[in-house]
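Chain residues, written in single-letter form:
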Amino acid sequence: MTVQNEELGDLEVWIDQDLCTGDGICAQYAPEIFELDIDGLAYVKSADDELLQDQGATTRVPLPLLTEVVDSVKECPGECIHVRRVSDRVEVYGPDAE
Ligand code: SF4
C-alpha cells in the first residue's frame, strides 16, 4: 500500500454535481470528505471541514481516507466522483480513469 501511494502521489477529489443523484452514499463512506448541501447534492470539504460549495471544487485526499474515497467512487450511482493526481491532473479513480 505504501509503494502504491508513493506511485500515486498527492491526490485530490472533485464531484461533478451535474450528475450527482443526491443519494448520499459518498457521505456515508467518507463523511470527512463528502457532505450533502441543502441543494441535495454532494460537495467536498476542505481539510478544515468547510463545505466547498463551488461546482467541481477539489480537496486533497488524506491517505488514511483513500480507501473510503475509492469505495465512494466505485459505489457512486452518478459516476461523478473523480480522483486525480495533483501533479499532472491525471484521473486515477473515477469514470475517466484508464
Ligand atoms: S455517491 Fe455520487 S451520486 Fe451519490 S451523493 Fe455522492 S456524489 Fe452524488
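As named in an unreviewed UniProt entry, the protein is Ferredoxin, taken from Streptomyces bingchenggensis. One UniProt comment on the protein, placed under Function (unreviewed entry), says "Ferredoxins are iron-sulfur proteins that transfer electrons in a wide variety of metabolic reactions." According to the UniProt record, the Cofactor (unreviewed entry) comment for the protein is "[4Fe-4S] cluster".

## Here's the deal with the site of the ligand
The local shell around the ligand holds 14 residues, among which Cys 20, Asp 23, Gly 24, Cys 26 and Cys 76 are the closest. Among the residues forming the shell around the ligand, the class breakdown is 9 nonpolar, 4 polar and 1 charged.

Thresholds applied
Here, residues in each chain are numbered from 1, in the same order as that chain's written sequence. At least 70 in pLDDT is required for a residue's local features to be given in this predicted model, at least 80 for side-chain atom pairs to be given and counted, and no such filter applies to totals for whole chains, interfaces and linings, which use all residues. By convention in this description, side-chain values take in all heavy atoms of the structure and omit both hydrogens and water. UniProt positions are given in the numbering used here, feature names are shortened, and annotations may be inferred rather than shown by experiment. It suffices for a single heavy atom of a residue to lie within 4 Å of a molecule or strand for the residue to be listed as near it. Think of it as three bins: nonpolar holds Ala, Val, Leu, Ile, Met, Phe, Trp, Tyr, Cys and Pro, charged holds Asp, Glu, Lys and Arg, and polar takes everything else, Gly as well.

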